[in-house]
Amino acid sequence: MLHIYCPHCAEYREEDEFHCAGQAHIARPLDPEACSDQEWGEYLFFRKNPRGLHHELWVHAAGCRKFFNMTRDTQSYEIKEVYKIGEQPSVVAE
Amino acid sequence: MSDLNNMTAAESAATKAAVMNQVPGPEIEGQSPLHHADLASLAKQGPKTGGIHLREQKLLGHLTLRCNAENAEQLAAVERVLGVALPLQPLTSTENGNYSIRWMSPDEWLILVPGLETFDIETKFRDEMPGHYSLVNSSGGSTVLELSGENVVDLLKKATPVDLHSKSFPVGKVVSTLFAKSTATIRRTGEQRFELVIRRSFSDYLWLWLQDASLEFGLVVEA
């Protein structure tokens, strides 16, 4: 069970209250009409699956219902940091 | 589309058209989500002593306000309408007599008012609030249960993962969290007193669940 800090509620809560919404920082192409099929397909379907540091989008579903980002180690499950939408992570893979 | 932050008087008046009084009046009796449980009879016939006291605060007005916590004009308008400021710190609440405001998220608050005053307050908000905001009457979607008694913390511990120790859950704190496979917005109103805002559709489930969970402490229903 992860003990997750919600940056909006400003306290730790149980993992049960949260949902993971997948990889964070996926930018929608500014002009979808101009994308090739490959670019659009990669934007829609292709995700990282790293062993180690991963930036994820989470939502505090049973609490404040706000989204935030989390940097997590997929190997040790250690949560490196949480940060709000629009902020950049300070812990990044080398 | 007009700019919602700079509306003309006519545009602003048009936004009030969608407001209607959902309560027909005091002469027509409403039915709370727990009407079928007949808590009033249980209060008369049931046990008078026990570790858990349960009371439904039925047919309150529930208003969901979404606005900008950094807009001083909107904050001032809320204070003019309710006589109390919005709680801006996460997980806090404020109250003024029968009005209480719960922090739900950084831009959302739940305002509880007496049922028959709901429409007045909603109308006042439409008159006072400037700029871009949303006020929705969600009274029909939820109900409030008040739990108190010497074993109330023991009971809640069975239902929710939140730490209920008075150091981390002081009087006045509000959390939205999981509650017995459903969800609830729990507010501590006293050392041994809590208010739960629960979903209408889960009210029967939670009523059955609370009866079962409080068997070992003894449940006293209050009207």
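A brief report on the enclosed structure follows. All values derive from a computational prediction rather than experimental measurement.

1. Quick look at the interface of chain A and chain B
Bring the parts together and some accessible area is lost; that lost area is often taken as the interface size.
Thinking step 1. Counting from both sides, the interface comprises 12 residues of chain A and, opposite them, 17 residues of chain B.
Thinking step 2. Both faces considered, chain A and chain B share a buried interface measuring about 1,100 Å² in area, 54% of it formed by carbon and sulfur atoms.
Thinking step 3. Summed over the shared surface of chain A and chain B, the result is 3 salt bridges.
Thinking step 4. Across the pair Glu108 of chain B and Arg65 of chain A runs a salt bridge whose closest N-O atoms are separated by 2.9 Å.
Thinking step 5. Applying the counting rule to chain A against chain B returns 6 residue pairs in polar contact (both at pLDDT 80 or more).
Thinking step 6. Here the side of chain A that touches chain B is built from residues that sort into 3 nonpolar, 2 polar and 7 charged.

2. A look at the nonpolar core
All names here are of chain B.
Thinking step 1. Counting 61 residues, the largest nonpolar core has Leu65, Leu82, Phe125, Leu147, Phe179, Phe194 and Leu196 as the members making the most contacts within it.
Thinking step 2. Sorting elements by how many residues they give to this core places helix 5 (residues 152-159) first, with 5 residues.
Thinking step 3. Residues Met104, Leu112, Val144 and Val197 belong to the second largest nonpolar core, which totals 5 residues.

3. Things to note about the sheet that holds strand 10 (residues 193-199) of chain B
Residues and elements named next belong to chain B.
Thinking step 1. Ordered by their spatial adjacency, 6 strands build an open sheet running 8-9-10-7-1-11, and the pairing between neighbours is mixed. Two strands close off the open sheet at either side, each with one partner strand: strand 8 (174-179) and strand 11 (219-222). Averaged over all pairs of adjacent strands, the angle between strand axes in this sheet comes to 30 degrees, irrespective of strand direction.
Thinking step 2. Inspection of the sheet shows strand 1 (residues 52-57) paired to strand 7 (residues 142-148) by 5 bridges, in the antiparallel sense. When the bridges of strand 7 are listed, Leu54 appears paired with Leu147.
Thinking step 3. Docked against the sheet, helix 5 engages strand 1, strand 7, strand 8, strand 9 (182-190) and strand 10, running at close to 35 degrees with respect to strand 10.

4. A closer look at the side chain of His55 of chain A
Residues and elements named next belong to chain A.
Thinking step 1. Relative to the assigned elements, His55 resides in strand 4 (residues 53-59).
Thinking step 2. Side chain to side chain, His55 and Thr71 meet in a polar contact 3.1 Å long.
Thinking step 3. Setting aside chain neighbours within four positions, we find His55 in contact with Gln23, Ala24, His25, Met70, Thr71, Tyr83, Pro89, Val91 and Val92.

5. Section: the packing of helix 5 of chain B against helix 6 (residues 203-213) of chain B
All names here are of chain B.
Thinking step 1. Orientation of helix 5 relative to helix 6, taken along the N-to-C sense of each, is 120 degrees, at an axis distance of 10 Å. In terms of their interaxial angle, helix 5 and helix 6 are classed as oblique. Handedness of the helix 5/helix 6 crossing: right-handed. In contact with Leu155, Lys158 and Ala159 of helix 5, helix 6 contributes Trp209, Leu210 and Ala213.
Thinking step 2. For the contact of helix 5 with helix 6, a count of residues per class yields 5 nonpolar, no polar and 1 charged.

6. Describing the layout of surface pockets
Thinking step 1. Taken as a whole, the largest pocket spans an internal volume of roughly 470 Å³.
Thinking step 2. As for the largest pocket, its lining consists of 28 residues, and the residues nearest its centre are Val23, Gly30, Leu59, Leu60 and Gly115 of chain B.
Thinking step 3. Those elements giving two or more residues to the lining of the largest pocket turn out to be strand 2 (61-66), helix 4 (118-128) and strand 7 of chain B.
Thinking step 4. The biggest single contributor to the lining of the largest pocket is helix 4 of chain B, with 3 residues.
Thinking step 5. Tallied by class, residues from the lining of the largest pocket come to 10 nonpolar, 15 polar and 3 charged.
Thinking step 6. Taken as a whole, the second largest pocket encloses approximately 380 Å³ of empty space.
Thinking step 7. Contributing to the lining of the second largest pocket are 18 residues, with Arg65 of chain A together with Met104, Thr185, Val197 and Arg199 of chain B lying nearest its centre.
Thinking step 8. Considering only residue class, the lining of the second largest pocket consists of 7 nonpolar, 8 polar and 3 charged.

7. So, empty space enclosed by the protein
Thinking step 1. Across all of its chains, the model carries 1 cavity of 30 Å³ or more by this definition.
Thinking step 2. Taken as a whole, the largest cavity spans an internal volume of roughly 40 Å³.
Thinking step 3. Taken together, Cys9, Arg13, Gly63 and Cys64 of chain A together with Leu91, Trp103, Met104, Val174, Val175 and Ser176 of chain B make up the lining of the largest cavity.
Thinking step 4. Counting only elements with at least two residues in the lining of the largest cavity, the list comes to strand 4 (99-105) and strand 8 of chain B.
Thinking step 5. Per-element tally for the lining of the largest cavity: the top contributor is strand 8 of chain B, with 3 residues.

Thresholds, definitions, all that
Residues numbered from 1 in each chain as written. Chains lettered and ligands numbered in written order. Predicted model: local features only at pLDDT ≥ 70, side-chain atom pairs only at ≥ 80, totals over all residues. Heavy atoms only, no water. Contact = heavy atoms within 4.5 Å. Buried area = accessible area lost by both parts, 1.4 Å probe. Salt bridge = Lys/Arg side-chain N within 4 Å of Asp/Glu carboxyl O. Polar contact = N/O pair within 3.5 Å; in protein donor to acceptor, adjacent residues only side chain to side chain. Nonpolar A, V, L, I, M, F, W, Y, C, P; charged D, E, K, R; others polar. Core = buried A, V, L, I, M, F, W, Y, C linked by side-chain atoms within 4.5 Å. Buried < 20%, exposed > 50% of the residue type's maximum accessible area, 1.4 Å probe, protein only. Helix = DSSP H or I, 4+ residues; strand = E, 2+ residues; numbered from the N terminus. Pairing = 2+ DSSP bridges. Axes fitted to C-alpha atoms, helices over the stretch in contact; angles between N-to-C directions. Parallel < 35°, antiparallel > 145°, perpendicular 65-115°, else oblique. Left-handed = near helix turned anticlockwise from the far one by under 90°. 1 Å grid on protein atoms, 1.4 Å probe; cavity = no way out; pocket = protein on both sides within 12 Å on 5 of 7 lines; lining within 4 Å. Points joined across faces, edges and corners; volume = space filled by probe spheres on them.

In short, geometric facts, not functional conclusions.
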